[in-house]
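Spelled out, the chains give:
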Amino acid sequence: MDSAALEPSLYTVKAVFILDNDGNRLLSKYYDPELYPSMKEQKNFEMNVFNKTHKADNEISFLEGMTIVYKSSIDLFFYVAGSAQENELMLMAVLNCLFESLSQMLRKNVEKRTLLDNMDGVFLVVDEIIDGGVILESDPQQVIEKVNYRADDNPLSEQSVAQVLNTKRTNIKNSTRTHTDTAMINFPSF
């Protein structure tokens, strides 16, 4: 048996992209620079995927040696692509997390216009779920909490980048203090 197959690995994603109902790119993130190095190759891949999936009732497809899970909503198509060996259930968990997080963030109004108006928040959600292709989170509640978005607060599009970064910085400081304080309490004094 191949020794590489026995080594543990992290669940990974090759690409995430959102297309409109005409197959035009609204968002895309490719995590493998060798997969489709140019914008033209990426768009060709996305169009091939869209043409194969936009009229299908399935949730999974295999194309160009990749496993692709997808979901549609009103005028949007959400895609998560992984290698052919990747666990389809993990890819589906990422897709569902992405969709549910955006649904909460956009107040259940997941459509092209609303998505474009909140694109900064959409990128934050994607970055909280996947970092460098590695799946970090699959719970939408945790993702929304991490991007510090509340339905009653100002939409992310009305916050400045500095406000968002300051909020994240404060959250990190608070979580670090909590862990440090806990560590100090647990150590016996001599």
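Residues numbered from 1 in each chain as written. Predicted model: local features only at pLDDT ≥ 70, side-chain atom pairs only at ≥ 80, totals over all residues. Heavy atoms only, no water.

Per an unreviewed UniProt entry, the protein chain goes by the name Coatomer subunit zeta and belongs to Cyprinus carpio carpio. Reading the Subunit (unreviewed entry) entry of the UniProt record for the protein chain gives the comment "Oligomeric complex that consists of at least the alpha, beta, beta', gamma, delta, epsilon and zeta subunits." Recorded in UniProt for the protein chain, the comment headed Sequence similarities (unreviewed entry) runs: "Belongs to the adaptor complexes small subunit family." (UniProt positions renumbered as here; feature names shortened; annotations may be inferred.)

Relative to the helices and strands, Q85 resides in the loop between strand 5 (76-83) and helix 3 (88-105). Expressed as a C-alpha distance, the spacing of Q85 and T67, which sit 18 residues apart in the sequence, is 7.9 Å. (Helix = DSSP H or I, 4+ residues; strand = E, 2+ residues; numbered from the N terminus.)

A few words now on the sheet that holds strand 3 (residues 60-63). An order of 2-1-5-4-3 is seen for the five strands of this open sheet, with the pairing classed as antiparallel. On the outer flanks of this sheet lie strand 2 (25-30) and strand 3, each paired with one strand and no other. Taking the axes of each pair of neighbouring strands and ignoring which way they run, one obtains an average angle of 20° across the sheet. Note that strand 4 (residues 66-73) and strand 5 share eight bridges and pair antiparallel. If you follow V69 over to strand 5, its bridge partner there is V80. Packing of helix 2 (residues 39-53) onto the sheet brings it into contact with strand 1 (15-20), strand 2, strand 3, strand 4 and strand 5, and relative to strand 2 it is tilted by some 115°. Most of the contacts of helix 5 (residues 119-129) go to strand 2, to which it runs at about 30°, and overall it touches strand 1 and strand 2. (Pairing = 2+ DSSP bridges. Axes fitted to C-alpha atoms, helices over the stretch in contact; angles between N-to-C directions. Contact = heavy atoms within 4.5 Å.)

In this model helix 3 runs 25 Å from its N-terminal to its C-terminal C-alpha over 18 residues, within 8% of the 26 Å that 1.5 Å per residue would give. Regarding helix 3, the residues found buried are L91, M92, V94, L95, C97, L98, F99, S101, L102, S103 and M105. In this structure N87 caps helix 3, since a side-chain oxygen of it lies 2.8 Å from the backbone nitrogen of L89. R107 sits one or two positions beyond helix 3 and adopts a positive phi of about 55°. (Expected span 1.5 Å × (residues − 1). Buried < 20%, exposed > 50% of the residue type's maximum accessible area, 1.4 Å probe, protein only. Polar contact = N/O pair within 3.5 Å; in protein donor to acceptor, adjacent residues only side chain to side chain.)

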